[in-house]
Amino acid sequence: MVTTLCDAAVAVLTTAAPPEKVRLTRDYAAAWRDGRISDFGSLAPPERPARPERPPLMLPRDMPKRGRGGSAQNRLALLHALAHIELNAIDLAWDLVCRFVGEGMPKGFTDDWVQVADDEARHFQMLEERLNQLGSGYGEMPAHDGLWQAATVTAHDLAARLAVVPMVLEARGLDVTPDTVRRLGEFGDAESAALLQIIHDEEITHVAAGRRWFGHLCAKRGVDPVETWQGLVKQYFRGSLKKPFNVTSRQAADFGPEFYEPIAE
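A brief report on the enclosed structure follows. Computed from a predicted model, the values in this text were never measured in an experiment.

Within the chain one finds ten helices and two strands. Listed by position from the N terminus, the elements making up the chain come as α-α-β-α-α-β-α-α-α-α-α-α. For 265 residues, the compact-globule estimate of 2.2 N^0.38 gives 18 Å, and the C-alpha radius of gyration of the chain, at 18 Å, lies within 12% of that figure. Each principal axis of the C-alpha distribution contributes one length, and for the chain these read about 50 × 50 × 35 Å. Each of the 265 residues in the chain was classed as buried or not, and the buried ones make up 51%. Sequence separation of at least 24 residues holds for 80% of the intrachain contacts in the chain that already meet a minimum separation of 6. Surface accessibility of the chain: about 12,000 Å² in total, with carbon and sulfur atoms responsible for 53%. Of the side-chain charges in the chain, 30 are positive and 37 negative, and the distance between the mean point of each set is 4 Å.

As structure tokens, this is what we get:
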């Protein structure tokens, strides 16, 4: 029985079926907002979230290449990949809420990440509905299994988690989505373009939450946020920061170029 927020987080993380994961997320987020769940609890999250039998998960290097053209198949592959990212993002948010409950962060921290989980669940729903409209669905194509790696390598440190997940991975979404929206419009898929624009705009608030609470944590620890972020990214992010950056959207999230420009390729 779910009586605490960590109970809720673990219930979502151990649920494999995407529709049920989404339903639980939305129900528990509403219960947290209106006070039906008010205690944090201390139940530890699993090392990995439960996953459905489909889609088959592959190493990133083994994934079939997705073309940039406007064919129906390419657009389905794009939407499927985005749905997979959003499904993982639901779990990333709940894992963050539960794993670091002992850090002594203000309630506003928890409020923000429960809202992020709720947003990601709604984004998955939107993408799944669009896939259904186009005659497909989540699970119809393979997906890569590299997305949880960022959670695994930062499980010991909240600062590292915030540095890598919202401030690298989600910020990268702000960089690439506007061009995807433009191309979908050019290919005549206004419905998918509009959906991705909504997701982009709401993801700004997620990057902003990461930046805000990373700054709070750095102040609490008495360290410089820019230098600390750069050091954590170099240590825990297996990849490079690639230009060009969507400076406008990043600035809207209070994430200035002094963080990322000096270490970008």
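In this structure, Trp 94, Trp 113, Phe 214, Trp 229 and Leu 241 are the most contacted members of the largest nonpolar core, which totals 84 residues. Aside from chain neighbours lying at most four places away, what touches Trp 229 is Ala 163, Met 167, Val 168, Phe 214, Leu 241, Phe 255, Phe 259, Tyr 260 and Ile 263.

Inspection of the entire model under this criterion finds nine aromatic pairs. Between Phe 255 and Tyr 260, the ring centres sit 5.3 Å apart and the planes meet at 70°, which makes this aromatic pair edge-to-face. Of the two residues, Phe 255 and Tyr 260, both sit in the buried class. Against the face of Tyr 260 rests Arg 250, its NZ or CZ located 4.3 Å from the ring centre.

Let us now look at the pattern of salt bridges. Within the structure shown, the criterion is met by 25 salt bridges. As a salt-bridge pair, Glu 20 and Arg 23 come within 2.6 Å of each other at their nearest N and O atoms. Separated by three residues within a single helix, Glu 20 and Arg 23 lie in helix α2 (residues 18-33), roughly one turn from each other. Take Arg 23: its relative accessible area is 40%, and that puts it in the partly exposed class. In this structure, the salt-bridge partner of Arg 75 is Asp 189, at a minimum N-O distance of 3.1 Å. Of this pair, Arg 75 sits in helix α3 (residues 72-99) while Asp 189 sits in the loop between α6 (158-186) and α7 (190-221), placing them 114 residues apart in sequence.

Attention now moves to the environment of Arg 211. Relative to the helices and strands, Arg 211 resides in helix α7. Taking the C-alpha atoms as reference points, Arg 211 and Leu 162, 49 residues apart in sequence, are found 7.6 Å from one another. Apart from residues no more than four positions distant in its own chain, Arg 211 is found in contact with Met 167, Ala 253, Asp 254, Phe 255 and Phe 259. Of note is the side chain of Arg 211, whose polar atom sits 3.0 Å from the backbone oxygen of Asp 254.

Two quantities define a packed helix pair, namely the angle between the helix axes and the distance between the axes. Two numbers describe how α3 lies on α7: the axes approach to 13 Å, and their chain directions differ by 25°. What the angle tells us is that α3 and α7 run roughly parallel. Of the two possible hands of crossing, α3 and α7 adopt the one that is left-handed. Here Leu 79, Leu 82 and Glu 86 of α3 come into contact with α7, specifically with Ser 192, Leu 196, Ile 199 and Glu 203. Taken together, the residues that form the contact of α3 with α7 break down as four nonpolar, one polar and two charged.

Moving on, we come to the packing of α3 against α6. One can describe the packing of α3 onto α6 by two numbers: an axis separation of 12 Å at closest approach and a directional angle of 155°. Between α3 and α6, the crossing angle belongs to the class labelled roughly antiparallel. The handedness of the crossing between α3 and α6 comes out as left-handed. Residue-level contacts link Arg 75, Leu 78, Leu 92, Asp 95, Leu 96 and Arg 99 of α3 to Leu 158, Arg 161, Leu 162, Val 165, Thr 180 and Leu 184 of α6. Among the residues forming the contact of α3 with α6, the class breakdown is seven nonpolar, one polar and four charged.

Turning our eyes to something else, we now look at the state of the cysteines. By the definition in use, this model includes zero disulfides. Not engaged in a disulfide, the cysteine Cys 6 finds its nearest cysteine sulfur in Cys 98; these two sulfurs lie 3.2 Å apart.

Reading the values: the criteria
Residues numbered from 1 in each chain as written. Predicted model: local features only at pLDDT ≥ 70, side-chain atom pairs only at ≥ 80, totals over all residues. Heavy atoms only, no water. Helix = DSSP H or I, 4+ residues; strand = E, 2+ residues; numbered from the N terminus. Rg over C-alpha atoms; globule rule 2.2 N^0.38 Å. Buried < 20%, exposed > 50% of the residue type's maximum accessible area, 1.4 Å probe, protein only. Contact = heavy atoms within 4.5 Å. Areas by Shrake-Rupley, 256 points an atom, 1.4 Å probe, with all protein chains shown as cover. Lys, Arg positive; Asp, Glu negative; His and termini not counted. Charge placed at Lys NZ, Arg CZ, Asp CG, Glu CD. Core = buried A, V, L, I, M, F, W, Y, C linked by side-chain atoms within 4.5 Å. Phe/Tyr/Trp six-rings, centres within 6.5 Å; stacked < 30°, edge-to-face > 60°. Lys NZ or Arg CZ within 6 Å of the ring centre and 35° of its normal. Salt bridge = Lys/Arg side-chain N within 4 Å of Asp/Glu carboxyl O. Polar contact = N/O pair within 3.5 Å; in protein donor to acceptor, adjacent residues only side chain to side chain. Axes fitted to C-alpha atoms, helices over the stretch in contact; angles between N-to-C directions. Parallel < 35°, antiparallel > 145°, perpendicular 65-115°, else oblique. Left-handed = near helix turned anticlockwise from the far one by under 90°. Nonpolar A, V, L, I, M, F, W, Y, C, P; charged D, E, K, R; others polar. Disulfide = S-S within 2.5 Å.

Honestly, that's just the spatial picture; any functional story needs more than this.
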